[in-house]
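# Summary of the model geometry
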Amino acid sequence: MATRPEVRRDIADIGLADAGALRIEWADRQMPVLAGIRERLAGERPFDGWRVSACLHVTAETANLMRTLVAGGADAVLCSSNPLSTQDDVAASLVAHHGIPTYAIKGEDRDSYYSHIAAALDHEPQVTMDDGADLVTELHTRRTELLPNVVGGTEETTTGVIRMRAMAAAGKLRYPVLAVNEALTKHLFDNRYGTGQSAIDGILRATNVLIAGKQVVVGGYGWVGRGIASRAAGMGGIVTVVEVDPLRALEAAMDGFGVATADRAAELGDIFIAATGNLNVWGVAHFPKMRDGAILANAGHFNDEFELGALEEQATSSRVVRPFTREYLMADGRRIYVLADGRLVNLGAAEGHPALVMDMSFANQALGLEWLRSHATELEPRVYDIPEPIDREVARLKLASMGIEIDPLTAEQQAYSESWESGT
């Protein structure tokens, strides 16, 4: 297999490219919406002349998004948005078969991670595509000389949207950003069904435990938490939710789950799954209360949801007992297990979301970027939701790909829905 020597890269092993090509092909067959968009964009070339720096999980699904951007004319580079989320064979195939500069190695240390972000920024982007806002933060703090040329960006995940809204509120965000995460076809389906399945998948691959009969504690009842709780309960888990929002806590209770404080749940749980996008959901005061054999898994973006520094201080020793499973021995003999170094378990210990659900998220990315190209000069430097027509078009295309038909409103029904005269 010959590679393209001119393609810039920092990857694990170019020899993995053929295996990566098969993985990309498999995902592509399950991403019909994105494939249809790619075919159209290849003819229209709306991204010609645009340099795009993407900081995303380097998976087979992401590879198909990158193929779509390039087909539409973008000059794109890719780096990883998390040290554990890269599929090394996919990174190799992106370089060898698709000529896309890629900077990502599974298990890279912090220095390598940020050097890869720096390499992506060396591309001098006009558009950023982020997942977690690390690239945008670096751009706004250490690479500010590049900001005048950036016309816009997109953000894929809840954590990143929170960070960018905070930047905008503080007057620090210098260009408009589309919050792909806020698309209904993203957070209703990717966050709920995608993470619900893939987080459980990561836990099972890392531990091979039986969920049935286990006390499963879910931190947070947003769309991700809802999905995880649903899937854990479907596998026979006894689910308790920890929340700080009274509306979400009430919803969890009415969905049939137990609701408890983090302190009380620490005594109950066999498996703890954090899905809040915040820090120290369980920490220094909670670890002494946890049962022997407690398993800690994070479904959020950053490894902040468990106070791991406190756990390391309380433990007398630690060791890796299975791939992606570290055992902490406490002074009283209890053992606590942390999966995937406390990073997002679905990509750290498994393969991330199924391609069928990422099809919608990345369709929003592609169509959102096309919308941004047409409207960038009209937008202020703040966070914008994906326009509703794009969201609905993605849903329509997804239904069509599934062979599902729905009724349109009749003219009479449309008129009725817009009138006020009719009543009892």
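In this text, all values refer to a predicted model and were calculated from it rather than measured experimentally. (Residues numbered from 1 in each chain as written. Predicted model: local features only at pLDDT ≥ 70, side-chain atom pairs only at ≥ 80, totals over all residues. Heavy atoms only, no water.)

### Thoughts on unusual backbone geometry
The phi angle of most residues is negative, glycine excepted, and most peptide bonds adopt the trans form. As a reminder of what qualifies: A run of H or I in DSSP counts as a helix once it spans at least four residues, and a run of E counts as a strand once it spans at least two, with each numbered from the N terminus. Only protein chains enter the accessibility calculation, which uses a 1.4 Å probe. A residue is then buried if its area is under 20% of the maximum for its type, exposed if over 50%, and partly exposed in between.
Positive phi values are uncommon outside glycine, yet E124 reaches one of about 55 degrees. As for its placement among the helices and strands, E124 is situated in the loop between α5 (110-121) and β5 (127-130). Since its relative accessible area comes to 41%, E124 is described here as partly exposed. Phi is positive for D341, close to 60 degrees, though the residue is something other than glycine. With respect to the helices, strands and loops of the structure, D341 is situated in the loop between β15 (335-339) and α13 (345-348). For D341, a relative accessible area of 46% corresponds to the partly exposed category.

### Digging into the pattern of salt bridges
Stated formally: Salt-bridge detection follows one rule: a side-chain nitrogen of Lys or Arg within 4 Å of a carboxyl oxygen of Asp or Glu.
Under the defined criterion, the tally for this structure stands at 26 salt bridges. One salt bridge in this structure joins E251 and R226, with 2.7 Å as the shortest N-O distance. Here E251 is found in helix α10 (residues 246-254), whereas its partner R226 is found in helix α9 (residues 223-234), with 25 residues between them in sequence. What makes R226 buried here is its relative accessible area of 14%.

### Structural notes on the sheet that holds strand β6 (residues 152-155)
Definition in use: One bridge is not enough; two strands pair if DSSP finds at least two bridges between them. Residues are treated as being in contact if the distance between any of their heavy atoms lies within 4.5 Å. A fitted line through C-alpha atoms serves as each axis, taken over the contacting stretch for helices, and the angle formed by two N-to-C directions is quoted from 0 to 180°.
Taken in spatial order, the 8 strands make up an open sheet running β1-β4-β3-β2-β5-β6-β7-β16, and their pairing is parallel. Pairing within the sheet leaves two strands with one partner each, and these edge strands are β1 (9-10) and β16 (383-385). Of the pairings in the sheet, the one linking strand β2 (residues 51-56) to β5 comprises 4 bridges and is parallel in character. Across the sheet, the residue bridging to V52 is V127, located in β5. Contacting β2, β3 (75-80) and β5, helix α3 (residues 60-71) runs over the sheet at an angle of about 160 degrees to β3.

### Looking at the packing of α3 against helix α4 (residues 88-98)
Put simply, the rule is: Note on angle classes: values under 35 degrees are labelled roughly parallel, values over 145 roughly antiparallel, values of 65 to 115 roughly perpendicular, and the remainder oblique. Crossings are assigned a handedness: left-handed for a near helix turned anticlockwise from the far helix by less than a right angle, right-handed for a clockwise turn. Polar here means any residue other than Ala, Val, Leu, Ile, Met, Phe, Trp, Tyr, Cys and Pro, which are nonpolar, and Asp, Glu, Lys and Arg, which are charged; Gly is therefore polar.
Across the interface, α3 lies against α4 with an axial gap of 9 Å and an inter-helix angle of 25 degrees. As judged from the angle between their axes, α3 and α4 are roughly parallel. Considering only the axes of α3 and α4, their crossing is right-handed. For the pair α3 and α4, the contacting residues are A60, A63, M66 and R67 in the first and V90, L94 and H98 in the second. Of the residues belonging to the contact of α3 with α4, the class tally is 5 nonpolar, 1 polar and 1 charged.

### Focus on the pairing of β3
Which entries qualify depends on this criterion: The handedness rule is simple: strands pointing away from the viewer, and a clockwise path from the first strand over the helix to the second, make the crossover right-handed.
The buried fraction of β3 amounts to 5 of the 6 residues, a majority that puts the element mostly inside the structure. Strand direction decides the pairing type here: β2 and β3, joined by 6 bridges, are parallel. Looking across to β3, one finds that S53 is bridged to V77. The parallel pair β2 and β3 is bridged by α3, and the resulting crossover is right-handed. Tracing the backbone out of β3, into α4 and back to the parallel element strand β4 (residues 102-103) gives a crossover that is right-handed.

### Some details on the sheet that holds β15
The strand order across the open sheet formed by 8 strands is β10-β9-β8-β11-β12-β15-β14-β13, and the pairing between neighbours is mixed. The open sheet has two edge strands with one neighbour each: β10 (258-259) and β13 (315-322). Examined bridge by bridge, strand β14 (residues 325-330) and β15 share 5 bridges and lie antiparallel to one another. Bridge pairing in β15 links Y328 to I336. Across the sheet, α9 lies against β8 (215-219), β9 (238-242) and β11 (271-274), angled at about 170 degrees from β8, the strand it touches most.

### Points about the nonpolar core
Defined as follows: Only buried residues count toward a nonpolar core. Its members are Ala, Val, Leu, Ile, Met, Phe, Trp, Tyr and Cys residues joined through side-chain atoms within 4.5 Å.
Within the largest apolar cluster, 52 residues are counted, with the highest numbers of intra-cluster contacts made by L65, M66, L69, L94 and L369. Of all the elements, helix α14 (residues 355-375) adds the most residues to this core, at 10 residues. Apart from residues no more than four positions distant in its own chain, L94 is found in contact with V58, A63, M66, L78, G99, I100 and T102. Of all hydrophobic cores here, the second largest spans 26 residues; its members include I203, Y221, V224 and I228.

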